Amino acid sequence: MVNTSLYFITAALYLLLGLRDFVSRQPVPVETPTCQPVWRAQSLLLLTLMVHALLLHRVLFASHQMVLSLGNSLSLVGAATVAMYWMASFRCRLGILQSVLMLIVAGLVLAPLLLPAEKPVEYSHLLTFKIHLVISLMADGLFGVAALHAILMSIMEQRLHDHDRPFTPLGALPSLVAMDVLLFQMIWVGFLLLTATLVSGIFFSEALFDKPLVWNHKVIFSLLSWIIFAGLLMARQLWGIRGRRAARWTLAGFVLLLVGYLGSKFVVEILLHRG
C-alpha cells in the first residue's frame, strides 16, 4: 500500500503550479507572438512529474501484477499528458491552458482515493505489456496536448475576430500559423504512436490470449480514432484543412481515445460496482 500522503503531495505540487501561473499571468496582446521556454517553470514541472511517476510506479506494479483500476487509469492518462506537454513546451507553452491542465491533473492524481476499486491483473508477459502500455500512454498524452492546443487555437481565432476584446489572458503565444503547424506536427507523431499501439496490441493479444486480436470496445474506439486522425492528415495534405475544422476533428479523435481507454472501466467499476 502507498501512503496516502504521497497522493496529496503530488496533487499539491500540480495545484501550486497551476495557481502560480494564474496569479503571475499578465494579459498580453495576441498579436505579439513569443514562444520561449521558462527554465525555472520547466524544472518545477519536471520535478512534479517525477514525483507523480514514483507514485504511479508504487501503485501500479506489484510483482507480476498491475492494478489498472479506473482511478489509476485516470492518473496515468494525466501523467502521460503532462509528460508529453513538458516535452512539447520546450517549443511552445499553452498559455493559461497550462494552468488549467495542472489543475485538472491535480484532481486526477486523487482519483484513486475517490475510486478505490482495485483490480490486480496478472501478466506472464509483463515486460511486453509495459512496452505496449507506455506507447499507448504516449499516444494518449500527446493527443491530449494536441486537444488542448486545438482549444487554444479556437479561442485565439475567436478573439482575433472579436474587435471589442483585443487583449486576452492567454499568455505569450506564437501566431496562429505557427500554432497550426505545431498542431499537425503533434498529430503526426501521435498518429505514428497510435499506429504502433494498434500493431503492438495485436502481438500482445496473441501472447496473452492466444488470439491475434480481441475485438473489444477499446480496439474499436482506437481504430475509429486512428481513422479520424488518418483522415485529418490526408485532408491536410490534399485540401490544407486548418483552423477550427482541424481543431474539431482533433478533439473528436481524442474523445474517442478516452472513451476507448476509460469507458469500460467506468461502466464496470462505477455503474456496475465491480472491482
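A.B. asks: When you look at the packing of helix α3 (residues 70-88) against helix α4 (residues 96-109) in this model, what are you seeing that I'm missing?
C.D. replies: The geometry of a pair of packed helices is captured by two quantities: the angle between their axes and the separation between those axes. Two numbers describe how α3 lies on α4: the axes approach to 8 Å, and their chain directions differ by 155 degrees. With respect to their mutual orientation, α3 and α4 come out roughly antiparallel. Considering how the two elements wind past one another, α3 and α4 form a crossing that is left-handed. Two secondary-structure elements touch here, α3 through G71, L74, S75, G78, T81, V82 and Y85 and α4 through Q98, L101, M102, V105, L108 and V109.

A.B. asks: Teacher, can you tell me more about the side chain of Q42 here?
C.D. replies: Looking at where Q42 falls in the secondary structure, it is placed in helix α2 (residues 39-60). Residue Q42 is classed as buried on the basis of its relative accessible area of 2%. Side chain to side chain, Q42 and S89 meet in a polar contact 2.8 Å long. In this structure, Q42 is in contact with W86, S89, F90 and R93, ignoring residues within four places of it in sequence.

A.B. asks: What should I look at first to understand the packing of aromatic side chains in this one?
C.D. replies: Centre distance and the angle of the planes are the two values used to describe a pair of aromatic rings. Under the definition given, this model contains three aromatic pairs. Ring geometry for F143 against F229: centres 3.9 Å apart, planes inclined by 10 degrees, an arrangement best described as stacked. In this pair, F143 sits in helix α6 (residues 126-160) while F229 sits in helix α8 (residues 217-239), placing the two residues 86 residues apart along the sequence. For F143, a relative accessible area of 0% corresponds to the buried category. The buried category is assigned to F229, whose relative accessible area is 0%. Ring geometry for W188 and F191: centres 6.4 Å apart, planes at 85 degrees, overall edge-to-face. Placement of the pair is W188 and F191 together in helix α7 (residues 176-209), with a separation of three residues, close to one helical turn. Among the aromatic residues, ring-to-ring pairing joins W188, F191 and W226 into one connected group. Sitting over the ring of F184, R236 keeps its end group 4.1 Å from the ring centre.

A.B. asks: Just to check I follow, could you spell out the nonpolar core for this structure?
C.D. replies: In a soluble, globular protein the nonpolar side chains are often hidden away together inside. Counting residues in each nonpolar core, the largest one holds 54 residues, and the members touching the most others are Y14 and I187. Setting aside chain neighbours within four positions, we find I187 in contact with F143, F229, L232, L233 and T250. M66, L74, L76 and A111 belong to the second-largest nonpolar core, a separate cluster that totals 17 residues.

A.B. asks: Would you mind showing me how to read α8 here?
C.D. replies: Side chains of residues three or four places apart in an α-helix project in the same direction, reflecting 3.6 residues per turn. Between the first and last C-alpha of α8 there are 32 Å, a value that for 23 residues agrees with the 33 Å anticipated at 1.5 Å per step. Residues V219, S222, S225, I228, F229, A230, L232, L233 and A235 constitute the buried set of α8. G240 occupies a position one or two residues after α8 and carries a positive phi of about 65 degrees.

A.B. asks: How should I be thinking about α3 in this particular structure?
C.D. replies: The end-to-end C-alpha distance of α3, which contains 19 residues, comes to 27 Å, matching closely the 27 Å that a straight helix rising 1.5 Å per residue would cover. Counting buried residues along α3, 17 of its 19 residues qualify, which places the element largely inside the surrounding structure.

A.B. asks: What is the right way to look at the confidence of the model for the chain in this model?
C.D. replies: Detailed conclusions should not be drawn from predicted coordinates in areas where pLDDT is low. Residues at a pLDDT of 70 or more form 73% of the chain, whose mean pLDDT is 79. Predicted confidence in the chain is weakest over strand β1 (residues 28-29), with a mean pLDDT of 44, and strongest over α8, with 91. Throughout residues 27-34 the model reports pLDDT below 50, and contacts reaching past four residues in sequence, or to other chains, amount to 20 contacts.

A.B. asks: Can you walk me through the pattern of salt bridges in this structure?
C.D. replies: Applying the stated rule across the entire model yields one salt bridge. Close ionic contact of D180 with R236 constitutes a salt bridge, the shortest N to O distance being 2.5 Å. Taken together, the residues span a long stretch of sequence, with D180 in helix α7 and R236 in helix α8 at a distance of 56 residues. Judged by relative accessible area, which is 2%, D180 ranks as buried.

A.B. asks: It is not clear to me how the packing of α2 against α3 should be interpreted in this structure. Could you clarify?
C.D. replies: Two numbers describe how α2 lies on α3: the axes approach to 10 Å, and their chain directions differ by 150 degrees. Put simply, α2 runs roughly antiparallel to α3. The handedness of the crossing between α2 and α3 is left-handed. Of α3, the residues touching α2 (which contributes Q42, L45, L46, L49, H52, L56, V59 and L60) are N72, S75, L76, A79, V82, A83, Y85 and W86.

The rules behind each value
Residues numbered from 1 in each chain as written. Predicted model: local features only at pLDDT ≥ 70, side-chain atom pairs only at ≥ 80, totals over all residues. Heavy atoms only, no water. Axes fitted to C-alpha atoms, helices over the stretch in contact; angles between N-to-C directions. Helix = DSSP H or I, 4+ residues; strand = E, 2+ residues; numbered from the N terminus. Parallel < 35°, antiparallel > 145°, perpendicular 65-115°, else oblique. Left-handed = near helix turned anticlockwise from the far one by under 90°. Contact = heavy atoms within 4.5 Å. Buried < 20%, exposed > 50% of the residue type's maximum accessible area, 1.4 Å probe, protein only. Polar contact = N/O pair within 3.5 Å; in protein donor to acceptor, adjacent residues only side chain to side chain. Phe/Tyr/Trp six-rings, centres within 6.5 Å; stacked < 30°, edge-to-face > 60°. Lys NZ or Arg CZ within 6 Å of the ring centre and 35° of its normal. Core = buried A, V, L, I, M, F, W, Y, C linked by side-chain atoms within 4.5 Å. Expected span 1.5 Å × (residues − 1). pLDDT = per-residue confidence, 0-100. Salt bridge = Lys/Arg side-chain N within 4 Å of Asp/Glu carboxyl O.

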